[in-house]
Amino acid sequence: MIRFNLKKLLPVVMIMSAALLTGCSEDMGKEVVQPARATWNTGYFQEALVGRGLAELGYEVRKPKSLQNAIFYQAVALGDVDYWANGWFPLHNDQLPDNFYETADTYGYILKEGTLQGYLVSKRDAEKYNITSLADFKRKEVREAFDTNDDGKADLVSCTPGWGCAKTIDYHLDVYGLRDHINPTDATYAAAMAQAIAGYRNNQPVFFFTWAPNWTIAKLKPGKDVVWINVPEIIPSDNQEGFEDSMVVSDVEGAVSNPVKFGFVVSDIRIAANKKFVEDHPDIKKFFELFHLPLEAINEQNARMYVGEDSPTDIQRHVDEWIGENKKKWNSWLEEARAMKTE
């Protein structure tokens, strides 16, 4: 039989209890925040930066939940998650629940009017076949040039099903009468683009949708490797009505015309968050309002992810490097946010 000497064990128990209590008090001293993030990895960088900012403000930031757009907007309106840094507006407007703005809202501008979406083709083939618009894919010689599986249609690298851009691409194929001429891929976007880039390197034509910020236009540069092309005319979908002017953009590098008719609304990237969460944390609200990134920073980080720097550790290193290069700006955001907390 094993006998315990309680007198000898008591000091050990007290020390262990004190250590446990100390750890609990430290954990309990930090308020927990639950972010979400998008399913596309080109949005991971800003999510990680915002999370780092909240951590430096003294919050315990949990691992973000990866959610599809519509599911996130419902979850944040219900308070199941607190925020995400991946809102594209007005692109995501039609994915918001009817009562979204009663319990949630958008804050700040991570990137204001800096997001482009549209169609690109390899520059050498655009020049060879005189391609300036989606309508040119109705021509037999163009369809055949971009047909990779011999089904008689040009193959377009499209969006992953479920993304907001996928709905707009489907709308374009219908409204411009292109269903019999263009075949959108149903593979995941990253895999399809990797295959397209490999094909381009082997002198094959490429035809793809993309958005900026994105690693794709760091790999296939507009004006050098590829060109932005027009939609035949601006015919807005229901959720695009009222934004027709921002579907035509001037002075775009690498476009076949000036201006170019993208057919997609130029969007803002904004933080979407639960209203009560933001109202209860004025320091977080201030940080959300101040935080912003240049397009080039996101593009460059996305390109690094594409070549293999895509682990959580890599992304946190990218965050460290960006903060180190922008320390004055970063610290000013945190100081202004902390001032709101103490008022």
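Residues numbered from 1 in each chain as written. Predicted model: local features only at pLDDT ≥ 70, side-chain atom pairs only at ≥ 80, totals over all residues. Heavy atoms only, no water.

## Focus: the pairing of strand E5 (residues 83–89)
Burial within E5 is extensive, with seven of its seven residues counted as buried. In terms of strand pairing, E5 meets strand E13 (residues 267–274) through five bridges, oriented antiparallel. Paired with Tyr83 across the strands is Ala273, a residue of E13. (Buried < 20%, exposed > 50% of the residue type's maximum accessible area, 1.4 Å probe, protein only. Helix = DSSP H or I, 4+ residues; strand = E, 2+ residues; numbered from the N terminus. Pairing = 2+ DSSP bridges.)

## Points about the pattern of salt bridges
Pairs can form between side chains of opposite charge once their charged atoms are near each other. Summed over the entire model, instances satisfying the criterion amount to 15 salt bridges. Between Arg52 and Asp320 there is a salt bridge, with the nearest N and O atoms lying 2.7 Å from each other. Here Arg52, found in helix H2 (residues 44–56), pairs with Asp320, found in helix H13 (residues 312–325); they are 268 residues apart in sequence, far enough to count as distant. Of the charged contacts, one joins Glu321 and Arg317 as a salt bridge, the two residues approaching to 3.8 Å between their closest N and O atoms. Of the two residues, Glu321 and Arg317 both sit in helix H13, four residues apart, roughly one turn of that helix. Classification of Arg317 by relative accessible area gives partly exposed; the value is 30%. The structure contains a network of salt bridges with shared partners spanning Arg304, Glu309, Asp314, Arg317 and Glu321. (Salt bridge = Lys/Arg side-chain N within 4 Å of Asp/Glu carboxyl O.)

## Some details on the packing of H2 against helix H11 (residues 282–290)
As a packed pair, H2 and H11 sit with axes 11 Å apart at the nearest point and diverge in direction by 145°. At the point where H2 passes H11, the crossing takes the right-handed sense. Across the interface between the two elements, Val50, Gly53 and Leu54 of H2 pack against Ile284, Phe287 and Phe288 of H11. Residues of the contact of H2 with H11, tallied by class, amount to five nonpolar, one polar and no charged. (Axes fitted to C-alpha atoms, helices over the stretch in contact; angles between N-to-C directions. Left-handed = near helix turned anticlockwise from the far one by under 90°. Contact = heavy atoms within 4.5 Å. Nonpolar A, V, L, I, M, F, W, Y, C, P; charged D, E, K, R; others polar.)

## Some points on the environment of Thr39
As for its placement among the helices and strands, Thr39 is situated in the loop between strand E2 (36–37) and H2. For Thr39, a relative accessible area of 30% puts it in the partly exposed group. Taking C-alpha positions, Thr39 is 37 Å from Lys128, a pair spaced 89 residues apart along the chain. Setting aside chain neighbours within four positions, we find Thr39 in contact with Tyr44, Leu67, Gln68 and Trp163.

## Quick word on the packing of aromatic side chains
All told, the structure shown has 26 aromatic pairs when counted by the stated rule. On the numbers, 6.4 Å between centres and 15° between planes, the contact of Tyr83 with Phe277 is stacked. Of the two residues, Tyr83 sits in strand E5 while Phe277 sits in helix H10 (residues 275–280), which places them 194 residues apart along the sequence. With respect to burial, Tyr83 and Phe277 carry one shared label: buried. Note on Phe291 and Trp333: the rings are 5.5 Å apart at their centroids and 75° apart in plane angle, and the pair reads as edge-to-face. Here Phe291 is found in the loop between H11 and helix H12 (295–306), whereas its partner Trp333 is found in helix H14 (residues 327–342), with 42 residues between them in sequence. Each residue in the set Trp40, Phe72, Tyr73, Trp84, Phe89, Phe100 and Tyr101 is aromatic and connected to the rest through ring pairs, giving one cluster. Lying over the aromatic face of Tyr44, Arg37 brings its terminal NZ or CZ to 3.6 Å of the ring centre. Just above the ring of Tyr109 sits the side chain of Arg270; from NZ or CZ to the centre is 4.0 Å. (Phe/Tyr/Trp six-rings, centres within 6.5 Å; stacked < 30°, edge-to-face > 60°. Lys NZ or Arg CZ within 6 Å of the ring centre and 35° of its normal.)

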